[in-house]
Amino acid sequence: MQIGLLGYGTVGKGFYALAAEQPSLTVKTLLTRRPRGLACRETGDFADIARDPDIDVVVELIGGIHPAYEYISAALRAKKHVVTANKAVVCAYYRELVELAFQNGVCLRCTAAAGGGIPWLSSLGRVARMDRITAVEGILNGTTNYILSEMTARNAPYPELLKQAQQLGYAEADPTDDVEGYDARRKLVLSADLAFSALLQEGDIPCVGISRMTVADIAWARERGLVWKLNARAERRGDAVSAFVCPTLFPASTPEGQTNGSANRISLYAERIGKQSFSGAGAGGWPTASNVLADCLSIAGGAAPFYSDRPVEPLAVDNREGERTWLFRSYGRYAIRQETAAEAFEAYGAVSESDPTSLLAYLPYGML
Ligand SMILES: NC(=O)c1ccc[n+]([C@@H]2O[C@H](COP(=O)([O-])OP(=O)(O)OC[C@H]3O[C@@H](n4cnc5c(N)ncnc54)[C@H](OP(=O)(O)O)[C@@H]3O)[C@@H](O)[C@H]2O)c1
């Protein structure tokens, strides 16, 4: 199978090296903005890849929405399979890209887009074909998990650990997407879309990040045998989906509580098979490139156009049912409340207006 590779950055370099070890795969052409001196052909013009009849698969690893969207859709229209690690573009154009793959009889795979090196989306797709998935949730962002783990282990303040995460390359120069929970929310949307054959809108899902976390919050949890994680959860409720992203307190003894550093841990709940969890490296050149390679190999092995062939239906996000346990911190005082997620996020919005340092957290196990 001949590949047109777009991008030669952290993941692109890893993929290029891994593909070279596979007898069935050849990277024929690389789209790059500057010469790389590789054995394959290099071009700065995507048309050289889109129009090449020998190229079977386009592997998109440039990131961002544009021109990634234009390249991916043009490749699918040209009847080339597409593999991407780009959650932003798949989230923004999920339905259109899935439909393009089906219409053109080619495959679209994006396993590395949620969970990095964990075969999460491919496993989710496998379960979605044979069971009814009722919920997906997990620690989907390695940067925030690293910061929270270090805050817990070293009692160090958030700004110091954010800086350290940036120095180690775990956090971007602009860390907003990670620390405010937007990256985890995109991965949740992708997971829920696949799990429920749904079409969720990122902006409909309430989201609280970790940028307001303090050393006092860590101590509050520690005294109660709890640890902080940024958890993203979506659960099917009738014709709607309840979904939110929020700092979450897990008992230290649970698998989630013991998921430390930049690791991810993601779970699905299905009617017949119950809970299945997946953990491992949620990012990094080699783990992510391995999932991109696995997608290419599954296409070479004759995969279906997408993970699931169920029609995608728009589902509303509705958090108005089911009381849960929440922790509110405002003006340095902690309060536990039982209410629906809709009520909790609305109340948090109001509290934040008077105290911009306030915090909302979810307690899935209640108060122990
Ligand atoms: N890194 C991870 O751990 C990880 C994990 C999961 C998913 N992902 C996803 O994988 C994708 C790639 O991430 P990355 O970390 O490899 O990014 P990266 O290191 O920034 O690499 C991006 C590469 O794409 C090239 N590029 C960007 N725009 C281009 C364009 N218009 N034409 C040609 N080349 C272009 C860049 O070229 P220049 O060198 O010229 O700038 C660079 O080589 C993203 O969608 C990301 O979300 C990454």
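Residues numbered from 1 in each chain as written. Predicted model: local features only at pLDDT ≥ 70, side-chain atom pairs only at ≥ 80, totals over all residues.

## Quick look at the site of the ligand
So, point 1. Taken together, 22 residues are adjacent to the ligand, and Gly7, Gly9, Gly63, Asn86 and Ala283 come closest.
So, point 2. With 3 residues, the single largest contributor to the shell around the ligand is helix α1 (residues 10-20).
So, point 3. Here the residues of the shell around the ligand are counted per class, giving 9 nonpolar, 10 polar and 3 charged. (Near = placed C-beta within 6 Å. Helix = DSSP H or I, 4+ residues; strand = E, 2+ residues; numbered from the N terminus. Nonpolar A, V, L, I, M, F, W, Y, C, P; charged D, E, K, R; others polar.)

## Quick look at the domain arrangement of the protein chain
So, point 1. If you check the domain split of the protein chain, you get domain 1 (2-109) and domain 2 (135-281 + 315-362).
So, point 2. Between the C-alpha centres of domain 1 and domain 2 there is a distance of 32 Å.
So, point 3. Tallying the contact residues gives 6 residues for domain 1 and 7 residues for domain 2.
So, point 4. Broken down by secondary-structure element, the contributors of at least two residues to the side of domain 1 that touches domain 2 are α4 (87-92) and α5 (94-104).
So, point 5. Sort the elements by how many residues they give to the side of domain 1 that touches domain 2 and α4 lands first, with 4 residues.
So, point 6. Residue composition of the side of domain 1 that touches domain 2, grouped by class: 4 nonpolar, no polar and 2 charged. (Domains from an automatic or database assignment. Contact = placed C-beta atoms within 7 Å.)

## Quick word on helix α6 (residues 120-130)
So, point 1. Regarding α6, the residues found buried are Trp120, Leu121, Leu124, Gly125, Val127 and Ala128. Buried residues in α6, looked at end-on, bunch into an arc of 170°, giving them a common side. In this structure, α6 carries Arg129 and Met130 as exposed residues pointing more than 90 degrees from its buried face.
So, point 2. Buried positions along α6 lie against β7 (133-139), α10 (182-196), β10 (263-270) and β11 (274-281). (Buried ≥ 20, exposed ≤ 12 C-beta atoms within 10 Å, placed from the backbone. Arc of directions from axis to C-beta.)

## Some thoughts on the nonpolar core
So, point 1. Counting 113 residues, the largest nonpolar core has Phe15, Val59, Leu188, Ala192 and Val292 as the members making the most contacts within it.
So, point 2. When residues in this core are grouped by element, the largest group, 8 residues, is from α10.
So, point 3. Taken together, domain 1 (2-109) and domain 2 (135-281 + 315-362) each give at least three residues to this core, which thus spans both.
So, point 4. Look past the residues within four positions of Val59 in its chain and what remains in contact with it is Ile3, Leu5, Leu6, Phe15, Val83, Val292 and Cys296. (Core = buried A, V, L, I, M, F, W, Y, C linked by C-beta atoms within 7 Å.)

## Topic: the packing of helix α3 (residues 68-77) against α5
So, point 1. Running from N to C, α3 and α5 cross one another at 20°; their axes reach a closest spacing of 9 Å. It follows from the interaxial angle that α3 and α5 lie roughly parallel. At the point where α3 passes α5, the crossing takes the left-handed sense. Facing α3, whose interface residues are Ile72, Ser73, Leu76 and Arg77, α5 presents Leu97, Leu100, Ala101 and Asn104. (Axes fitted to C-alpha atoms, helices over the stretch in contact; angles between N-to-C directions. Parallel < 35°, antiparallel > 145°, perpendicular 65-115°, else oblique. Left-handed = near helix turned anticlockwise from the far one by under 90°.)

## Side note on α10
So, point 1. Here α10 spans 20 Å end to end across 15 residues, near enough to the 21 Å set by a 1.5 Å rise per residue.
So, point 2. Most of α10 is tucked away, with 14 of its 15 residues classed as buried.
So, point 3. Looking one or two places after α10, you find Ser197, whose phi comes out positive at around 50°. (Expected span 1.5 Å × (residues − 1).)

## Observations concerning unusual backbone geometry
So, point 1. In this chain, His66 is followed by Pro67 through a cis amide linkage whose omega measures 10°.
So, point 2. Of note, Pro67 is situated in the loop between β4 (57-60) and α3.
So, point 3. Phi at Tyr331 is positive, roughly 50°, even though this residue is not glycine.
So, point 4. Here Tyr331 falls in the exposed class, since 9 other C-beta atoms lie within 10 Å of it.

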